[in-house]
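Examining the three-dimensional arrangement
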Amino acid sequence: MTAAANLETQQSKLVQNLPLFVTVICALQPLMDVLSFWQAELGMGNTLTLALRFGVLAVVAMMGFFLSRQKKVYIISGIVCAALWAAHCMVCMQKGYLDPISDVINYVRVIQMPLFAVCFITFMKRNPRSFEGIKRGFAVNFIIITAVLVLSLLTGTCRPTYDVSSLGLMGWFSTSNAQSAILSMLTPVVVWMAYESKRYWLLWVTVAAAYI
């Protein structure tokens, strides 16, 4: 088998498994959030979760680049991100760089959003069923968040949304605004999926869980 044929075979296998891949990527996010929460609660460093998040980003980016038929999009995106980073560093050095490592970490957190978007567009172009995989990933994400909230309530370890007044339910998640944004995006997707299933008991359960 020639190198070109071998490459094509590898790409075909990856393309075939893209729906499962994107489902797993979506499902990993709340699990890493829970791990981050307990690391903070136990006074541990965040090295493990940072490595996991950067590892997930690297794997997704490499998959997107490998499968893309328009690799120039990735190259241009990389150049833009590098140029923004270089300009940012120049400004910081003029004023005095306080914490370069923390700055790099925060920058990667920002650019991961457009990079994930570019990669997921590639996945959906190569395999249209990837969209169904994303929807399933959202549903799994929602189930994990709900299960975590229930477990935290049962074990008496639920964190309130507002620390001062002790109002709201956060479960084992650390950032209220981020969690609200995640649930706001998940709710319409999972409610619609429950409606499409034609199982109306599931629809009512999903609506109740989403809005509580």
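None of these values were measured; they are calculated from a predicted model.

What counts, and where the lines are drawn
Residues numbered from 1 in each chain as written. Predicted model: local features only at pLDDT ≥ 70, side-chain atom pairs only at ≥ 80, totals over all residues. Heavy atoms only, no water. 1 Å grid on protein atoms, 1.4 Å probe; cavity = no way out; pocket = protein on both sides within 12 Å on 5 of 7 lines; lining within 4 Å. Points joined across faces, edges and corners; volume = space filled by probe spheres on them. Helix = DSSP H or I, 4+ residues; strand = E, 2+ residues; numbered from the N terminus. Nonpolar A, V, L, I, M, F, W, Y, C, P; charged D, E, K, R; others polar. Core = buried A, V, L, I, M, F, W, Y, C linked by side-chain atoms within 4.5 Å. Buried < 20%, exposed > 50% of the residue type's maximum accessible area, 1.4 Å probe, protein only. Contact = heavy atoms within 4.5 Å. Expected span 1.5 Å × (residues − 1). Arc of directions from axis to C-beta. Phe/Tyr/Trp six-rings, centres within 6.5 Å; stacked < 30°, edge-to-face > 60°. Polar contact = N/O pair within 3.5 Å; in protein donor to acceptor, adjacent residues only side chain to side chain.

**Points about the layout of surface pockets**
- In this structure, the largest pocket occupies an estimated 1,400 Å³ of space.
- Lining the largest pocket we find 36 residues, and of these Gln29, Asp33, Arg53, Gln112 and Ile182 sit closest to its centre.
- Secondary structure elements with two or more residues in the lining of the largest pocket: helix H2 (18-41), helix H3 (47-67), helix H5 (100-126), helix H6 (130-154) and helix H7 (176-196).
- Taken together, the residues of the lining of the largest pocket break down into 22 nonpolar, 11 polar and 3 charged.

**Quick notes on the nonpolar core**
- Among the nonpolar cores identified, the biggest contains 19 residues, and Phe21, Ile25, Val60, Phe116, Phe120 and Phe123 are the most heavily contacted of them.
- Contacts of Phe21, omitting those with residues within four sequence positions, involve Val59, Val60, Met63 and Phe123.
- Listed in part, the 14 residues of the second largest apolar core include Phe142, Ile145, Val148 and Met170.

**A word on unusual backbone geometry**
- Residue Ser166 is not a glycine yet carries a positive backbone phi of 60°.
- With respect to the secondary-structure elements, Ser166 resides in the loop between H6 and H7.
- Judged by relative accessible area, Ser166 falls into the exposed class, the value being 51%.

**Observations regarding H3**
- For H3, which comprises 21 residues, the first-to-last C-alpha distance of 30 Å matches the rise-based estimate of 30 Å (1.5 Å per residue) to within 8%.
- Buried residues of H3: Thr49, Leu50, Val56, Leu57, Val60, Met63, Gly64 and Leu67, and no others. For H3, the angular spread of the buried residues around the axis is 170°, confining them to a single face. Structural note: H3 exposes Thr47 and Met62 on the side pointing more than 90 degrees away from its buried face.

**Some words on the packing of aromatic side chains**
- Scanning the model with the defined rule gives 8 aromatic pairs in all.
- A centroid spacing of 6.1 Å and a plane angle of 85° characterise the contact between Phe65 and Tyr74, whose relative ring orientation is edge-to-face.
- On the accessibility criterion, Phe65 (34% relative accessible area) is partly exposed.
- Both rings, one in Phe120 and one in Phe123, keep their centres 5.7 Å apart while their planes meet at 50°; by these two values the pair is tilted. Taken together, the residues span about one helical turn, with Phe120 and Phe123 both in helix H5 at a distance of 3 residues. The residues Phe120 and Phe123 share a single accessibility class, namely buried.

**Re the side chain of Asn127**
- For Asn127, the position within the fold is in the loop between H5 and H6.
- Among the polar contacts listed, one links the side chain of Asn127 to the backbone oxygen of Val15, at a separation of 2.7 Å.
- The residues contacting Asn127, other than those within four sequence positions of it, are Val15, Gln16, Leu18 and Pro19.

**Digging into the side chain of Thr206**
- Of note, Thr206 is situated in helix H8 (residues 200-211).
- If near-sequence neighbours (up to four positions away) are discounted, Thr206 is found in contact with Phe142, Val190, Val191 and Ala194.

On their own, these measurements won't tell you what the molecule is for.
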